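# Structure assessment
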Amino acid sequence: MHDGDCGCLEAFGQGESLLQDPGCIEEVEDRLHFYVEECDYLQGFQVLCDLHNGFSGVGAKVTELLCDEYSGKGILTWGLTPATSDVGDYQKSCYRLMNTALGIVRLSSHSSLFCPLSLRGSLGIKPQPPVAFPYINYDASLNYHSSAILAAALDTLTAPYRLASSQGSMMHLAETLNFSGRKVVAAWASIPFPARRGYSLPDTLRSYQRDAPWQLLSPCRKQKVSCCFAQSVVLRGVCKESPISRPGEPPASPLHACESAEEVLQRYVHTLFPGAFSTAHVLEQPCDTLPPYPQFFSPLLTRQGFLLDKPPSYSPTAVESIPVLAALQSSPVLRTLLRGLYKDVQKLNPGRRASFFAAGVEQEEFREALEELRTLAQCYEAGFEADESEDEADSD
């Protein structure tokens, strides 16, 4: 589907039409059935799909197919957008917003869980700076860099159901987060997690009692949240280097009184988000960053990705692995993201984009999708009406 001119899939309707071609859908089904038959234990499907172009339409039809044929299996869909884009082409910007709006609505409706995933600062028409990380110096214009960061987050977020030792499943993860119609989740990650060699996990987390040391990887201008409905938090790569407590010393805090790393993390996230349903997982294996992973790390990191107090006097060695903290959250921040996108698309006057609708999407169908987007945003506002005025100000 990537052969030829990529511009042939500029609009959502073009992607949908592609998957309505009998030859194409037959090929997709044949490949799908081949791999499904090879599985010993099929938990479900992970779908990674562009949101900003016609591939959002392809993804919508693929998830619809999966939903129809494998209704009892989990479908976790990740909607991807570039960290940067050409702001000089207004029509492309309009197409990007309209494709994204349709993609979020259609993909989330056919998925068990849907997560917009990007280093982009916002989905809106106005460009925002890409996500910044304190110990990574990356070039947001290079897909090689941005995809490496997102891959580290994705590998960590999905670990709870991918490992042979895991007791959970893909569907279990989705069901813990998608209640009350909230099928869209936000991703957060600390890459790398700022742990110092020799420090215990409680000592490290005590330094971040007000805010977790992570960045939002779902494109939204609102970067801080004080509450969420539910979350799945994963910490990896710290246990062997960071003992839980020092023998012979009384607990310095409630975190130090915990008996395991999982209990430390569980208590920490419960303190930050006391009303949320939270699950916590701690894995000893760090995230590998050997070549071809880009070496864009701060000189303050050791070979194992732990923090130094000051840069070394010698030439820093390559970072071979890093600890990572990541979370999927059902959070009010999604109201800001979804409502902001809804308002920005409305401002475009989509009815005047005749070329977009010539690709196959009816204008009435698009209006209905926008209403579904607005309704989806409302699922994240219960109990947080105070955010209304802030969202209104952000959209001005």
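Everything below is about the structure shown above.
Residues numbered from 1 in each chain as written. Predicted model: local features only at pLDDT ≥ 70, side-chain atom pairs only at ≥ 80, totals over all residues. Heavy atoms only, no water.

### Considering the sheet that holds strand 10 (residues 324–330)
What counts is decided by this rule: Whether two strands pair depends on DSSP finding at least two bridges between them. For helices the rule is a DSSP run of H or I covering at least 4 residues; for strands it is a run of E covering at least 2, with both sets numbered from the N terminus onward.
Spatially, the 5 strands line up as an open sheet ordered 5-4-10-6-7, and their pairing is mixed. Because the sheet does not close on itself, it has two edges, and the strands there are strand 5 (215–216) and strand 7 (277–283). Alignment of strand 4 (residues 186–190) against strand 5, held across 2 bridges, turns out to be antiparallel. The residue of strand 5 that forms the bridge with A189 is Q215.

### Topic: the packing of helix 10 (residues 333–347) against helix 12 (residues 363–378)
When two helices pack together, their arrangement is captured by the angle between the axes and the distance separating the axes. The cut-off we apply is this: The axes are straight lines fitted to the C-alpha atoms, using for helices just the contacting stretch, and the angles between their N-to-C directions are given from 0 to 180°. Put simply, angles under 35 degrees are roughly parallel, angles over 145 are roughly antiparallel, angles from 65 to 115 are roughly perpendicular, and the rest are oblique. Should the near helix be turned counterclockwise from the far one by less than a right angle, the crossing is left-handed, whereas a clockwise turn marks it as right-handed. Any two residues having at least one pair of non-hydrogen atoms within 4.5 Å are treated as being in contact. When residue character is reported, Ala, Val, Leu, Ile, Met, Phe, Trp, Tyr, Cys and Pro are called nonpolar, Asp, Glu, Lys and Arg charged, and the others, Gly included, polar.
Here helix 10 crosses helix 12 at 150 degrees, and the two axes come no closer than 8 Å. What the angle tells us is that helix 10 and helix 12 run roughly antiparallel. Helix 10 and helix 12 meet at a crossing whose hand is left-handed. Packed against helix 10, whose contacting residues are R335, L338, R339, L341, Y342, V345 and Q346, the element helix 12 presents F366, L370, E371, L373, R374, L376 and A377 at the interface. For the contact of helix 10 with helix 12, a count of residues per class yields 9 nonpolar, 1 polar and 4 charged.

### A word on the side chain of Q329
The criterion, for reference: Burial classes follow relative accessibility: with a 1.4 Å probe on protein chains only, a residue under 20% of its type's maximum area counts as buried, one over 50% as exposed, and anything between as partly exposed. For this analysis, a polar contact is any N or O atom pair within 3.5 Å, provided that within protein one partner can donate a hydrogen and the other can accept it, and provided that sequence-adjacent residues contribute only side-chain to side-chain pairs.
Residue placement: Q329 occurs in strand 10. On the basis of relative accessible area, Q329 is assigned to the buried category, the value being 0%. In terms of polar contacts, Q329 uses its side chain to reach the side chain of W188, at 3.1 Å. The contact partners of Q329, leaving out residues within four places of it in the chain, are V185, A186, W188, W214, V225, C228, A230, Q231, F273 and L334.

### Details of the nonpolar core
Cut-off, in case you're wondering: The term nonpolar core refers to a set of buried residues drawn from Ala, Val, Leu, Ile, Met, Phe, Trp, Tyr and Cys, joined through side-chain atoms within 4.5 Å.
Membership of the largest hydrophobic core comes to 66 residues, with the highest contact counts inside it found for I104, F356, F366 and L373. With 9 residues, helix 4 (residues 90–110) is the single largest residue contributor to this core. For L373, the residues in contact, after removing those within four places along its chain, are A101, I104, V105, L338, L341 and Y342. The next biggest cluster of nonpolar side chains, apart from the first, holds 42 residues, and it includes C115, V131, L150 and L328.

### Some thoughts on the sheet that holds strand 2 (residues 74–80)
Here 3 strands make up an open sheet; going across it, the order is 1-2-3 and the pairing parallel. The open sheet has two free edges, formed respectively by strand 1 (44–50) and strand 3 (113–117), since each of these has just one partner strand. Sheet twist, expressed as the mean angle between neighbouring strand axes with direction ignored, is 15 degrees. Relative to strand 2, strand 1 runs parallel, the two sharing 7 bridges. Across the sheet, L48 pairs through a bridge with W78, a residue of strand 2.

### Regarding the packing of aromatic side chains
Under the convention used in this document: Each pair of aromatic rings taken from Phe, Tyr and Trp, with Trp reduced to its six-membered ring, is defined by centres within 6.5 Å and is described as stacked if the planes are under 30 degrees apart, edge-to-face if over 60, and tilted in the remaining cases. Consider the ring centre and the ring normal. A charge sits over the ring if Lys NZ or Arg CZ is within 6 Å of that centre and within 35 degrees of that normal.
Within the structure shown, the criterion is met by 11 aromatic pairs. Arranged with centres 6.2 Å apart and planes meeting at 5 degrees, the rings of Y293 and F297 form a pair that is stacked. The burial state of Y293 is the same as that of F297; both residues are buried. An aromatic cluster is present here, built from Y95, F356, F357 and F366 joined pairwise through their rings. Residue placement shows R182 over the ring face of F229; its charged tip is 3.7 Å from the ring centre.

### Notes on the pairing of strand 7
Here strand 7 lies mainly inside the structure; 5 of its 7 residues are buried. Sheet topology places strand 6 (residues 230–236) next to strand 7; 7 bridges connect them, and they run parallel. For V233, the partnering residue across the bridge sits in strand 7 and is A280.

### Some words on the packing of helix 4 against helix 10
Across the interface, helix 4 lies against helix 10 with an axial gap of 10 Å and an inter-helix angle of 135 degrees. Between helix 4 and helix 10, the crossing angle belongs to the class labelled oblique. Crossing of helix 4 over helix 10 shows left-handed handedness. Contacts between helix 4 and helix 10 involve L97, M98, T100, A101 and I104 on the former and, on the latter, L338, L341, D344 and V345. Along the lines of polarity and charge, the residues of the contact of helix 4 with helix 10 split into 7 nonpolar, 1 polar and 1 charged.

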